[in-house]
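# Structure assessment
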Amino acid sequence: MRIPDRPADLDIISIGECMIEMFCEGPLATTDTYTRTFAGDTMNMLVAASRLGAKTGYVTHVGNDPFQEFLIEAWRSEGIDLRCATPLDRPNGLYFISILPGGEREFTYYRAGSAASFLEPADIDPDYIGSAKVVYASGITQAISKSSRAAVLEAFRIAREHDVVTAFDTNLRLGLWSLDDARAALDEIIPFVDILLPSAPEESAALFGTENAHEVIGRARERGVRMVAVKCGAEGAVLGVEGEIHSVPAYIPENVSDTSGAGDVFNGGLLYGLTHGMSAVESARLGIVMAGLKVRGRGATYSIPSREEAFGVYEGLREVM
């Protein structure tokens, strides 16, 4: 699958919530020092694509609190278009990533009532959606509020009307809503999805009733999805496109520090490739490299690699394939 080569102001528009991320090297109760950055699944994808060279835009609300200036400047520094990232007199979401004594990561969220959760269909500008090659959202964007779920559906409907490709990551988070609600929201959006980006095995078992990536691809195809990339962690990804299935092995670095956001970063690499003339398989391999490089460092966006590093590794792997 290739993205139609038509005039567009932006390569990728993403819709969702970006939060303040604070990460530390120990338990919250005993840590004195934190590193402040920003993250959120739809933003993690966008930063990955932007660092590769994509022209990107974000649809969200940014809260009117002391973090507002930091967020806006951080997004601008990544080259992200912010015409539809509008201020709202609400707080920004905040979360902590800490390390427990056994090495396991712990996430602590403060996001209820965040500015981004007040997204609604009226915030979706048809001209802005029509200016992109790809529009992207996730199950988390749907889950943060009923109005945000409605906004995603409105954006994807408009994208379909404008022949804009849609990409959707199921990104199941049962801390935000029930499994029944997640399944209903997936049923609602999938008729408007061109590229589906689920994970296996746990997420696919919950949403599709199977841990098998090939079966997930088959079931999505039956529902009209044109391309499916199933992310399988350390097993890499399984790509279903144009009637064929391809297994793309993972790129695993020597040291793995933090897997937070790796799937989002894979999505960013994949969508960059598709919007820049690469084949679906080549795009998936680039996504795999981006995700593998990202997990070496802490923080969901903090450790996303540069274009030069990512393509250096990607070209090196191509030579040995």
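Everything below is about the structure printed above this text.
I will try to describe carefully the structure that is included in this document.

Thresholds, definitions, all that
- Residues numbered from 1 in each chain as written.
- Predicted model: local features only at pLDDT ≥ 70, side-chain atom pairs only at ≥ 80, totals over all residues.
- Heavy atoms only, no water.
- Buried < 20%, exposed > 50% of the residue type's maximum accessible area, 1.4 Å probe, protein only.
- Helix = DSSP H or I, 4+ residues; strand = E, 2+ residues; numbered from the N terminus.
- Arc of directions from axis to C-beta.
- Contact = heavy atoms within 4.5 Å.
- Polar contact = N/O pair within 3.5 Å; in protein donor to acceptor, adjacent residues only side chain to side chain.
- Disulfide = S-S within 2.5 Å.
- 1 Å grid on protein atoms, 1.4 Å probe; cavity = no way out; pocket = protein on both sides within 12 Å on 5 of 7 lines; lining within 4 Å.
- Points joined across faces, edges and corners; volume = space filled by probe spheres on them.
- Phe/Tyr/Trp six-rings, centres within 6.5 Å; stacked < 30°, edge-to-face > 60°.
- Nonpolar A, V, L, I, M, F, W, Y, C, P; charged D, E, K, R; others polar.
- Pairing = 2+ DSSP bridges.
- Salt bridge = Lys/Arg side-chain N within 4 Å of Asp/Glu carboxyl O.
- Axes fitted to C-alpha atoms, helices over the stretch in contact; angles between N-to-C directions.
- Left-handed = near helix turned anticlockwise from the far one by under 90°.

It is worth spelling out helix H8 (residues 213-222) at this point. Residues spaced three or four apart along an α-helix point in a common direction, a consequence of the helix completing one turn every 3.6 residues. Taken residue by residue, H8 has Ala213, Val216, Ile217 and Ala220 as its buried positions. Taken end-on, H8 shows its buried residues confined to a sector of 100°, consistent with a single buried face. Tucked into the core, H8 has its buried residues touching strand E11 (195-196), helix H7 (202-208), strand E12 (227-231), strand E13 (237-241) and strand E14 (244-248). A side-chain oxygen of the first residue of H8 lies 2.8 Å from the backbone nitrogen of His214; this N-cap is Asn212. Positive phi appears at Gly224, one or two residues downstream of H8, with a value of about 95°.

Our focus in this paragraph is the state of the cysteines. Disulfide: a covalent bond formed between the sulfur atoms of two cysteine residues. Applying the stated criterion to the full structure yields 0 disulfides. Cys18 takes part in no disulfide bond, and the closest cysteine sulfur, belonging to Cys84, lies 16 Å away. A relative accessible area of 12% means that Cys84 is categorised as buried.

Our next topic: empty space enclosed by the protein. Summed over all chains, the structure comprises 1 cavity of 30 Å³ or more. There is about 60 Å³ of room inside the largest cavity. As for the largest cavity, its lining consists of Gly139, Gln142, Phe168, Thr170, Asn171, Leu172, Arg173, Trp177, Ala182, Leu186 and Leu207. Put simply, the parts of the chain that give the lining of the largest cavity at least two residues each are helix H4 (139-143) and helix H6 (179-189).

For the structure shown, the criterion picks out 10 aromatic pairs. Their ring planes at 15° and their centres at 5.2 Å tell us that Tyr95 and Tyr109 sit as a pair that is stacked. You can see Tyr95 sitting in strand E7 (residues 94-99) and its partner Tyr109 sitting in strand E8 (residues 105-110), a full 14 residues away along the chain. For Tyr109, a relative accessible area of 39% gives the class partly exposed.

Let's shift gears to the layout of surface pockets. The rolling of a water-molecule-sized probe over the atoms marks out the regions of remaining empty space. Counted as a void, the largest pocket has a volume near 1300 Å³. Going through the elements one at a time, strand E2 (19-23), helix H1 (41-52), E7, E8, H7, helix H9 (262-275) and helix H10 (280-294) are the ones with two or more residues in the lining of the largest pocket. If you tally residues by element for the lining of the largest pocket, the top one is H9, at 4 residues. In the lining of the largest pocket, the residues fall into 23 nonpolar, 12 polar and 11 charged.

The element E2 is extensively covered by neighbouring structure, given that 5 of its 5 residues are classed as buried. Sheet topology places E2 next to strand E3 (residues 35-39); 5 bridges connect them, and they run antiparallel. Each bridged residue has a counterpart across the sheet, and for Glu21 the counterpart in E3 is Thr37. As judged from the 4 bridges shared by E2 and E7, these two strands associate in the parallel manner. Counterpart to Phe23 in the pairing with E7 is Ile97.

Attention now moves to the pattern of salt bridges. Once their charged atoms are close, side chains differing in charge can pair, the charge on each being opposite to the other. Going through the model one piece at a time under the given rule, you end up with 15 salt bridges. Lys231 is the salt-bridge partner of Asp169, the closest N and O atoms lying 2.5 Å from each other. Taken together, the residues span a long stretch of sequence, with Asp169 in strand E10 (residues 165-169) and Lys231 in strand E12 at a distance of 62 residues. For Arg223, the salt bridge identified is with Asp187, shortest N-O distance 2.5 Å.

Below, the discussion takes up the packing of H9 against H10. Relative orientation of the contacting elements H9 and H10 amounts to 145°, with a least axis distance of 7 Å. Between H9 and H10 the crossing geometry is right-handed. For the pair H9 and H10, the contacting residues are Ala262, Val265, Phe266, Gly269, Leu270, Tyr272, Gly273 and Leu274 in the first and Ala280, Ser283, Ala284, Leu286, Gly287, Ile288, Met290, Ala291 and Lys294 in the second. A breakdown of the residues in the contact of H9 with H10 according to their chemical character gives 12 nonpolar, 4 polar and 1 charged.

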